[in-house]
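# Structural characterization, general
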Amino acid sequence: MSELHEIEHPLIEHHLCTVRDKSTRPSEFRAAIGRLSVLVGVYATEDLATRTCKIQTPITDADCETLAVRVGLVPILRAGLGMVEPLQQLLPDSAVWHLGLYRNEETAEPVGYYDKLPHSGAPNVALVLDPMLATGGSVDLVIRRLLSWGVDEIRILSIIAARPGIERVLRDFPQVKLYVAVVDPELNEQAFIVPGLGDAGDRIFDTPQNE
Ligand SMILES: O=P(O)(O)OC[C@H]1O[C@H](OP(=O)(O)OP(=O)(O)O)[C@H](O)[C@@H]1O
Ligand SMILES: O=c1cc[nH]c(=O)[nH]1
Ligand SMILES: [Mg+2]
């Protein structure tokens, strides 16, 4: 019962143009990743549970709705850091739990290098933040870690997701929901997304890219 949500919105199309363009400067790239993250984030949170509370406006009593679940943001270092601040704008009370992974350049397999999740205190809903989902190997590792931590519900937020990685996640984790700005069809021999945008981490942080 997995769910893939590919969000359709003219602003997504517009900002995707910016991030795909290889001539976009890092500052513009970061800003566009931020705008896309907000758009994806709004859709990825549209059915979060709320509870009614009573407050007083300056005029009278009013019934309002507040979030009834604890949401945690889980950026995958490094590129996921580019999505944190935009999601914090939407969810200012969310804790941020960092997980560090990089892909081995030869095998494209994920290598973990940072994880300080505590033993208890897992959020009800974890929003995993990573602009790129390629083979799905990194997200696979993260989902397994979050399930063993005790997270009730996992939602993956990506900007560009490739078909092979999506199919892997949907097949292996039927309980996980995927929210993506766009689905790209394939990977090249180096497991980069085609057409994609190159290496998101390098473009966010202006570090040299492998040719
Ligand atoms: O679906 P996969 O095949 O696992 O690929 C996706 C991963 O690769 C990238 O990270 P990268 O290894 O480039 O690390 P970085 O964020 O430090 O640049 C990207 O940000 C994802 O984490
Ligand atoms: O195309 C890709 C694949 C993995 N990671 C990226 O940053 N880009
Ligand atoms: Mg990278």
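Residues numbered from 1 in each chain as written. Chains lettered and ligands numbered in written order. Predicted model: local features only at pLDDT ≥ 70, side-chain atom pairs only at ≥ 80, totals over all residues. Heavy atoms only, no water.

### Describing the site of ligand 2
What surrounds ligand 2 is the set Arg103, Met132, Ala134, Ala191, Phe192, Ile193, Gly198, Asp199 and Ala200. Note that an oxygen atom of ligand 2 is positioned 2.8 Å from one of the backbone N or O atoms of Ile193. Interatomic distance of 2.9 Å between a backbone N/O atom of Ala200 and an oxygen atom of ligand 2. Grouping the amino acids of the shell around ligand 2 by side-chain chemistry returns six nonpolar, one polar and two charged. (Near = heavy atom within 4 Å. Polar contact = N/O pair within 3.5 Å; in protein donor to acceptor, adjacent residues only side chain to side chain. Nonpolar A, V, L, I, M, F, W, Y, C, P; charged D, E, K, R; others polar.)

### Side note on the side chain of Asp184
Within the secondary structure, Asp184 sits in strand 11 (residues 177–184). Looking at Asp184, the relative accessible area reads 3%, which means it is buried. Among residues more than four places away in sequence, those in contact with Asp184 are Arg20, Ile160, Ala161, Ala162, Arg163, Ile193, Val194, Pro195 and Gly196. (Helix = DSSP H or I, 4+ residues; strand = E, 2+ residues; numbered from the N terminus. Buried < 20%, exposed > 50% of the residue type's maximum accessible area, 1.4 Å probe, protein only. Contact = heavy atoms within 4.5 Å.)

### Quick word on the packing of helix 4 (residues 137–149) against helix 5 (residues 163–172)
Contact pair helix 4 / helix 5: the axes reach a minimum separation of 9 Å and the direction vectors enclose 25 degrees. Comparing the axis directions of helix 4 and helix 5 gives the class roughly parallel. Crossing of helix 4 against helix 5: the hand is right-handed. Across the interface between the two elements, Gly137, Val139, Asp140 and Ile143 from helix 4 touch Arg168, Val169 and Asp172 from helix 5. Its residues placed into classes, the contact of helix 4 with helix 5 shows three nonpolar, one polar and three charged. (Axes fitted to C-alpha atoms, helices over the stretch in contact; angles between N-to-C directions. Parallel < 35°, antiparallel > 145°, perpendicular 65-115°, else oblique. Left-handed = near helix turned anticlockwise from the far one by under 90°.)

### Some thoughts on the site of ligand 1
Every one of the 16 residues lining ligand 1 counts as a neighbour, but Arg78, Arg103, Asp130, Thr135 and Ser138 are closest to it. Here an oxygen atom of ligand 1 sits 2.8 Å away from a polar atom, N or O, in the main chain of Ala134. Here ligand 1 loses 92% of its free accessible area of 500 Å² to cover by the protein chains. With three residues, the single largest contributor to the shell around ligand 1 is strand 6 (residues 99–103). In the shell around ligand 1, the residues fall into seven nonpolar, five polar and four charged. (Areas by Shrake-Rupley, 256 points an atom, 1.4 Å probe, with all protein chains shown as cover.)

### Section: the state of the cysteines
Using the criterion set out here, one finds zero disulfides in the structure. Cys64 provides the cysteine sulfur closest to Cys53, a residue in no disulfide bond, and the two sulfurs are 5.3 Å apart. Looking at Cys53, the relative accessible area reads 22%, which means it is partly exposed. (Disulfide = S-S within 2.5 Å.)

### Quick notes on the confidence of the model for the protein
Looking at the protein, pLDDT values average 97 and 98% of them are 70 or higher. Predicted complex, confidence summary: ipTM 0.98, pTM 0.97. (pLDDT = per-residue confidence, 0-100.)

### Remarks on the nonpolar core
Grouped together as the largest cluster of nonpolar side chains are 35 residues, with contacts concentrated most on Leu16, Val19, Leu127, Leu129, Leu157, Ile159 and Ile160. If you tally residues by element for this core, the top one is helix 2 (residues 26–44), at seven residues. In contact with Leu127, not counting residues within four places along its chain, are Thr45, Val71, Gly72, Leu73, Val74, Leu87, Leu91, Arg155 and Leu157. Counting residues in hydrophobic clusters, the runner-up holds 25 residues, among them Trp149, Ile156, Val169 and Val180. (Core = buried A, V, L, I, M, F, W, Y, C linked by side-chain atoms within 4.5 Å.)

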